[in-house]
Amino acid sequence: MSAVAIVRALLAGHAPLLALVPAARIFAGAAPQGAELPLVSVTRVYGEEISTVARRQAGKTMRTRVQVTVLVKDPGGYAASDKILKAAALGAGVHTGNVLSYHVKAILPYGEGPDLPVGDDKIHEKSRDFMVTYSEPI
């Protein structure tokens, strides 16, 4: 859940996204049923430890794929979800440094998901992925 917490913290402090979705509706993990829309959900797709030969470090380095999903009730089309998904890209550059209690080595964009068909509930769902490389204490 560490990479999820890192990305959620960055999103919750990213002004372009906060102009569209309040921080209280940016969730680490699945959003609760009935949560007010629009919202953003941050989940882990998979992760792996990057091993060293000696394995004597004070911490371990992880590489985790994280998915950021935008849910919008927008009967006029995909415009609102497109705008929020673009804001959730975290801007230009590679994000590094300390976030929460983790040392982030890199957060890189890792593609966008497909537009999911809208059901009877008229909720539009789109996603983008990030590859998060970070160190954490053992």
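### Looking at the overall build of the protein
In step 1: Summing up its helical and strand segments, the protein has three helices and six strands in all.
In step 2: Scanning the protein from its N terminus toward the C terminus, one meets helices and strands in the order α-α-β-β-β-α-β-β-β.
In step 3: Over its C-alpha trace the protein gives a radius of gyration of 16 Å, about what one expects of a compact globule, namely 14 Å for 138 residues.
In step 4: Each of the 138 residues in the protein was classed as buried or not, and the buried ones make up 39%.
In step 5: Residue pairs at least 24 apart in sequence account for 63% of intrachain contacts in the protein once pairs closer than 6 positions are excluded.
In step 6: Per element, the accessible surface of the protein, about 7500 Å² overall, is 54% carbon and sulfur.
In step 7: Measuring between centres, the 15 positive side-chain charges of the protein sit 8 Å from its 12 negative side-chain charges.

### Considerations on the sheet that holds strand β6 (residues 123-137)
In step 1: Ordered in space as β1-β2-β3-β6-β5-β4, the six strands form an open sheet in which the pairing is mixed. Of all the strands in the sheet, just β1 (26-28) and β4 (95-99) have a single pairing partner and so form its edges. Strand-to-strand twist across the sheet, computed as the mean angle between neighbouring axes with direction ignored, equals 30°.
In step 2: Bridge analysis of strand β3 (residues 59-73) against β6 gives 15 bridges, and the strand direction is antiparallel. Residue valine 70 lies in a different strand from β6, and its bridge partner there is lysine 126.

The rules behind the values
Residues numbered from 1 in each chain as written. Predicted model: local features only at pLDDT ≥ 70, side-chain atom pairs only at ≥ 80, totals over all residues. Heavy atoms only, no water. Helix = DSSP H or I, 4+ residues; strand = E, 2+ residues; numbered from the N terminus. Rg over C-alpha atoms; globule rule 2.2 N^0.38 Å. Buried < 20%, exposed > 50% of the residue type's maximum accessible area, 1.4 Å probe, protein only. Contact = heavy atoms within 4.5 Å. Areas by Shrake-Rupley, 256 points an atom, 1.4 Å probe, with all protein chains shown as cover. Lys, Arg positive; Asp, Glu negative; His and termini not counted. Charge placed at Lys NZ, Arg CZ, Asp CG, Glu CD. Pairing = 2+ DSSP bridges. Axes fitted to C-alpha atoms, helices over the stretch in contact; angles between N-to-C directions.

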